[in-house]
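Summary of structural features
Chain by chain, the residues run as shown.
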Amino acid sequence: MTAAEARAALDRLGAAGGDLPDLVEAALLLAVIDAPDADLAAARAHLATLAAEARALTAVSVEARAAELAALLAGRHGYAGDSETYEDLANANLLRVIERRRGLPVALGIVWIHAARAAGWPAWGIDFPAHFLVAVEGADRAVAVDPFARGHAPSPGELRAMIGRIAGEDAAIHPGLFRRMRDREVLLRLQNNIRMRRLRAGDLAGTLACVEDMLRLAPDATPLWQEAGLVHQRLGHARAAIACLERFLSLDPDAEAAAQARTTLREIRATLN
């Protein structure tokens, strides 16, 4: 599959809206764009093997399900977080994660969700602000596990420490921190890791490409249209910047950033006169 074919498939997923038919397949499409030399067929074969092995799991209680998934993914197949080269872009590319069995929490989480669902167990991403987690459901409740830590279930104290790193030591744990994510949101969080790393590195063209691919998957993601407009502006693409900012305002004219977007539009248009 070429990058162009992957982007066309993402366009179709974005146009269809609703729930994604297959989380891991959509993640592979995004991965192909940045790693066209990777072995897509081998990755799909490996994911099929994981699914077949997961279907043989028989746990009922949520603790046993989490333990069986950990034994399968972290134990048998060696999936774990990459603490040594955390910032490496390969950690956010599912094809590279499958090759290396190392990755960021959200990339590993996609593999965990894939295996859990193959076993017939409901699983989803948790939008925890400091560290992506996966919820695995049992007979009567769900438990949050950390794919980066080989499936460890964080204690309340560990969760407070995680959130404290970005919100301060006095930050409190509350139910809103465990919001259930839709699969499309999981992929946007995955790609956001790439976007931020490229932006920090000053790679504006790469940042823009990432944002545009995210918009293929989620064409109504309002903040991304603003981001695309601002990056186009920095690259000197005046007309493209105008189009993106106009799209942003059409989607959410009352957004908190709307006033600034209108000011930016006036400034860009003035350069065209």
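Reference entry: report on the structure contained in this document.

Rules of the game
Residues numbered from 1 in each chain as written. Predicted model: local features only at pLDDT ≥ 70, side-chain atom pairs only at ≥ 80, totals over all residues. Heavy atoms only, no water. Helix = DSSP H or I, 4+ residues; strand = E, 2+ residues; numbered from the N terminus. Rg over C-alpha atoms; globule rule 2.2 N^0.38 Å. Buried < 20%, exposed > 50% of the residue type's maximum accessible area, 1.4 Å probe, protein only. Contact = heavy atoms within 4.5 Å. Areas by Shrake-Rupley, 256 points an atom, 1.4 Å probe, with all protein chains shown as cover. Lys, Arg positive; Asp, Glu negative; His and termini not counted. Charge placed at Lys NZ, Arg CZ, Asp CG, Glu CD. 1 Å grid on protein atoms, 1.4 Å probe; cavity = no way out; pocket = protein on both sides within 12 Å on 5 of 7 lines; lining within 4 Å. Points joined across faces, edges and corners; volume = space filled by probe spheres on them. Nonpolar A, V, L, I, M, F, W, Y, C, P; charged D, E, K, R; others polar. Core = buried A, V, L, I, M, F, W, Y, C linked by side-chain atoms within 4.5 Å. Expected span 1.5 Å × (residues − 1). Pairing = 2+ DSSP bridges. Axes fitted to C-alpha atoms, helices over the stretch in contact; angles between N-to-C directions.

Helix and strand counts for the protein chain come out as 12 helices and 5 strands. Relative to its length of 273 residues, the protein chain is compact, with a C-alpha radius of gyration of 20 Å against a globular reference of 19 Å. Seen through its C-alpha atoms, the protein chain measures out along the principal axes to roughly 70 × 50 × 35 Å. Here the protein chain, with 273 residues, has 50% of them falling under the buried criterion. Excluding contacts between residues fewer than 6 apart, the proportion of contacts in the protein chain whose partners are at least 24 apart in sequence is 57%. Accessible surface computed for the protein chain: about 12600 Å², of which carbon and sulfur atoms make up 52%. Averaging the locations of the 31 positively and 35 negatively charged side chains of the protein chain gives two centres separated by 2 Å.

Our next topic: the layout of surface pockets. Here the largest pocket is characterised by a volume of approximately 330 Å³. Lining the largest pocket are 15 residues, and of these Tyr-86, Ala-130, Arg-189, Asn-193 and Met-196 sit closest to its centre. Counting only elements with at least two residues in the lining of the largest pocket, the list comes to α6 (105-118) and α8 (183-200). It is α8 that provides the largest number of residues to the lining of the largest pocket, a total of 6 residues. Here the residues of the lining of the largest pocket sort into 7 nonpolar, 3 polar and 5 charged. Around the second largest pocket, the lining residues are Gly-14, Gly-17, Gly-18, Arg-182, Arg-184, Glu-185, Leu-188, Leu-217, Ala-218, Pro-219, Asp-220 and Ala-221. Ranked by residue count, the leading element in the lining of the second largest pocket is α8, at 3 residues. Broken down by class, the residue content of the lining of the second largest pocket amounts to 5 nonpolar, 3 polar and 4 charged.

Another point: the nonpolar core. Core analysis: the largest hydrophobic core is formed by 86 residues, its most contacted members being Leu-94, Ile-110 and Leu-187. Per-element tally for this core: the top contributor is helix α2 (residues 23-34), with 10 residues. Those residues in contact with Ile-110 that sit more than four places away from it in its chain are Leu-23, Val-24, Ala-27, Leu-94, Val-186, Leu-187 and Leu-190. If you look at the next biggest cluster of nonpolar residues, it comprises 10 residues, including Leu-133, Met-162, Ile-163 and Leu-177.

As a further point, take α8. Between its first and last C-alpha, α8 extends 26 Å over 18 residues, near the 26 Å set by a 1.5 Å rise per residue. Among the 18 residues of α8, 13 are classified as buried, and the element is accordingly described as predominantly covered. Count one or two residues on from α8 and you reach Gly-202, which has phi positive near 80 degrees.

Looking now at the sheet that holds strand β4 (residues 133-137). With antiparallel pairing, 3 strands are arranged side by side in an open sheet as β3-β4-β5. On the outer flanks of this sheet lie β3 (123-126) and β5 (142-145), each paired with one strand and no other. Direction aside, neighbouring strands of the sheet carry axes that sit 30 degrees apart on average. With 4 bridges connecting them, β4 and β5 associate as antiparallel partners. Opposite Glu-137, over in β5, you have Ala-142 as the bridge partner.

Any link to function would need more than the numbers given here.
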